[in-house]
Amino acid sequence: MIVKNLDDIIHTQDDIDTLTWNSRRLLLKKDGMGFSMHDTIIKAGTETLIWYRNHVEAVYCIEGEGEIEVIGGETYAIKPGTLYALDGHEKHLLRAQSQLRMVCVFNPPLTGAEVHDKDGVYPILEETQA
């Protein structure tokens, strides 16, 4: 059984803070669940280009308001209770009108060492973090 508390992750190596988002990585590849799970904050007033070319992601909003624009496609509102799943590796813009708090699940699971490249892509990393 795995039991973790968000307070134990904040300000550790599993708490990744960038200019537009903050990902508190609750479950990672090393946990052996076959997916990773993250408590993510999207900072108010930001826009982030993301393209999970190597992963599928499901996102559930629990706080805030924003939108997701699929590049070359539709724009969808995000508010508490909204779920979106990037099952087609959609390149997208994520915009936060107010701070968004999201629960994100990735497959394949992240190791925790990933960072977005210039295209918003996470690479596939084989090694788990130490």
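Not measured: the values here are computed from a predicted model.

The rules behind the values
Residues numbered from 1 in each chain as written. Predicted model: local features only at pLDDT ≥ 70, side-chain atom pairs only at ≥ 80, totals over all residues. Heavy atoms only, no water. Patch = residues over 30% accessible without salt bridge, like charges linked within 9 Å, V, L, I, M, F, W, Y side chains within 5 Å. Areas by Shrake-Rupley, 256 points an atom, 1.4 Å probe, with all protein chains shown as cover. Salt bridge = Lys/Arg side-chain N within 4 Å of Asp/Glu carboxyl O. Helix = DSSP H or I, 4+ residues; strand = E, 2+ residues; numbered from the N terminus. Buried < 20%, exposed > 50% of the residue type's maximum accessible area, 1.4 Å probe, protein only. Pairing = 2+ DSSP bridges. Axes fitted to C-alpha atoms, helices over the stretch in contact; angles between N-to-C directions. Phe/Tyr/Trp six-rings, centres within 6.5 Å; stacked < 30°, edge-to-face > 60°.

Engineer: How would you explain a nonpolar patch on the surface if you had to name every residue and give the values?
Structural biologist: A cluster of nonpolar side chains, namely Tyr-60, Ile-62 and Leu-83, defines an oily patch on the protein surface of about 290 Å² accessible area. By secondary structure assignment, the location of Tyr-60 is in strand β5 (residues 56–63). The exposure class of Tyr-60 is partly exposed, given its relative accessible area of 39%.

Engineer: Pulling in residues and values, what's your account of the sheet that holds strand β4 (residues 47–51)?
Structural biologist: If you trace the four strands from one edge of the open sheet to the other, you get β4-β9-β6-β7, paired in antiparallel fashion. The sheet terminates laterally at β4 and β7 (75–78), the two strands that pair on one side only. On average, each strand axis in the sheet is inclined to that of its neighbour by 20°, with strand direction left out of account. Taken together, the five bridges between β4 and strand β9 (residues 91–96) define a ladder with antiparallel strand orientation. Residue pairing in the sheet places Thr-48 in a bridge with Leu-94 of β9.

Engineer: Can you lay out the pairing of strand β6 (residues 66–70) for me, pointing to particular residues and giving the numbers?
Structural biologist: Where a strand is regular, its side chains alternate between the two sheet faces. Burial of the side chains of β6 is restricted to one face: Gly-66, Ile-68 and Val-70 are buried, whereas none of Glu-67 and Glu-69 on the reverse face is. Of the strand pairs in this sheet, β6 and β7 are connected by four bridges, and their pairing is antiparallel. If you follow Gly-66 over to β7, its bridge partner there is Ile-78.

Engineer: So what's going on with the packing of aromatic side chains? Residues and values would help.
Structural biologist: Counting across every chain of the model gives one aromatic pair. Look at Tyr-52 and Phe-106: their rings are 4.9 Å apart centre to centre, the planes differ by 90°, and that puts the pair in the edge-to-face class. Placement of Tyr-52 in the loop between β4 and β5 and of Phe-106 in strand β10 (residues 100–107) is noted, with a sequence separation of 54 residues between them. Residue classification places Tyr-52 among the buried residues on the basis of a relative accessible area of 5%.

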